[in-house]
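Now for the letters of each chain:
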Amino acid sequence: MDQERNFWVVGGDLRQRALARLLREDGHTVHVAALEGEGLAAEPLGPGLALAHCVILPLPVTRQGELLHTPLSREEVTLPQLLDWLEPGQVLCGGLVSAQAEEAAQARGLRLLDYYAREECMVANAVPTAEGAVQVAMEELPFTLHSARVLVLGFGRVGKLTAHRMGALGAKVTVCAQGYADLAWAAAYGHETMWLEKLAWELGGYDLIVNTIPAQVLDRRRLGWVNPGAFLLDLASAPGGVDQAAAKARGLRVLQAPGLPGRTAPVTAAAAIRDAVYHILWELEV
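Residues numbered from 1 in each chain as written. Predicted model: local features only at pLDDT ≥ 70, side-chain atom pairs only at ≥ 80, totals over all residues. Heavy atoms only, no water.

1. Comments concerning the sheet that holds strand β13 (residues 253-256)
A sheet is described by the order of its strands in space; here six strands give the open sequence β10-β9-β8-β11-β12-β13, paired in parallel fashion. The two strands at the open ends of the sheet, each matched to only one other strand, are β10 (192-195) and β13. For this sheet, the mean inter-axis angle between neighbouring strands, taken without regard to orientation, is 20 degrees. Each of β11 (208-211), β12 (231-234) and β13 is contacted by helix α4 (residues 119-140), which is oriented at about 155 degrees to β12, the strand it contacts most. Packed onto the sheet, helix α5 (residues 157-168) meets β8 (149-153), β9 (172-177) and β11 and runs at close to 165 degrees relative to β9. (Pairing = 2+ DSSP bridges. Helix = DSSP H or I, 4+ residues; strand = E, 2+ residues; numbered from the N terminus. Axes fitted to C-alpha atoms, helices over the stretch in contact; angles between N-to-C directions. Contact = heavy atoms within 4.5 Å.)

Pasting the structure below:
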């Protein structure tokens, strides 16, 4: 940024830990709370928060209602505990901001914006998600991705990049989506295509099924057609796209991995968050 800013990074996972380091490398004053490890000295919440140009919250901001997402801290912090230290008009940025969190901020006159809702952040995060999907698949499959029969459900940002990365390794990729435009683009990229609403017995023909659709598309009925030896990788945000109880009853291997960027490429994911926060502050002229 063009001048030094005062940031507080509160809570979060490896992405926020890396984010704090990146902000300091850019010359900003950075405080961290409810975020420990790798040389970070966590500070208690207090009056210093009122001096922040921006308070950066986790992705997702909360879990179990008002509890902040703080997996790297022994401390539990509620969102109201944090917000009560801030002054009206201050800016907060968080990822996957819930309606409850937004209402709590508005009630205090605070400006809470969602960095993960920005297109540039979502696209940047799709890259490590797709690469992480390749990594997980290579670890879990007993054979190479080359020549593997792969079904990708959904052709949004993550679906596009995942299909591309796996196809580049020689996998035989089929894209299953419900939009005419999505199917046309998938075909243009050289993938086989399938209409989602008609997906049924064809599920038995795949070694790897990657879901990117945030809705239960692999329900009990469809799971009955899945190849018993297949591996199911669910990249969709909670609650995911697989009926977990039905999959377990059938003995299917399922891995829910909605936060791959934070595990496989936290620095890349942190840079995406940093850039999105900078863009927000530039637009707000903060």
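Next comes the rest of the description.
2. What about the pattern of salt bridges?
Overall, the coordinates contain 12 salt bridges when judged by the stated rule. Taking the shortest distance from any N to any O, the salt bridge between Asp-13 and Arg-15 comes out at 2.6 Å. An identical accessibility class is assigned to Asp-13 and Arg-15; each is buried. With a closest N to O distance of 2.6 Å, Glu-120 and Arg-118 form a salt bridge. (Salt bridge = Lys/Arg side-chain N within 4 Å of Asp/Glu carboxyl O. Buried < 20%, exposed > 50% of the residue type's maximum accessible area, 1.4 Å probe, protein only.)

3. Focus: the packing of α4 against α5
Interhelical geometry of α4 versus α5 gives an angle of 40 degrees and a closest axis separation of 8 Å. Between α4 and α5, the angle is such that the two are oblique. Between α4 and α5 lies a crossing whose hand is right-handed. Judged by residue contacts, Glu-119, Met-122, Val-123, Ala-126, Val-127, Thr-129, Ala-130, Glu-131, Ala-133, Val-134 and Ala-137 of α4 engage Arg-157, Val-158, Leu-161, Thr-162, Arg-165 and Met-166 from α5. Partitioning the contact of α4 with α5 into residue classes produces 11 nonpolar, two polar and four charged. (Parallel < 35°, antiparallel > 145°, perpendicular 65-115°, else oblique. Left-handed = near helix turned anticlockwise from the far one by under 90°. Nonpolar A, V, L, I, M, F, W, Y, C, P; charged D, E, K, R; others polar.)

4. Side note on the side chain of Asp-234
Inspection of the secondary structure puts Asp-234 in strand β12. Here Asp-234 occupies a buried position and makes no salt bridge, while the nearest side chain of opposite charge, Arg-263, is found at 11 Å. A polar side-chain atom of Asp-234 sits 3.2 Å from the main-chain amide nitrogen of Ala-236. There is a polar contact of 3.5 Å between the side chain of Asp-234 and the backbone nitrogen of Val-242. Other than its neighbours up to four places away in sequence, Asp-234 contacts Asn-211, Gly-240, Gly-241, Val-242, Leu-255, Gln-256, Ala-257 and Pro-258. (Lys, Arg positive; Asp, Glu negative; His and termini not counted. Polar contact = N/O pair within 3.5 Å; in protein donor to acceptor, adjacent residues only side chain to side chain.)

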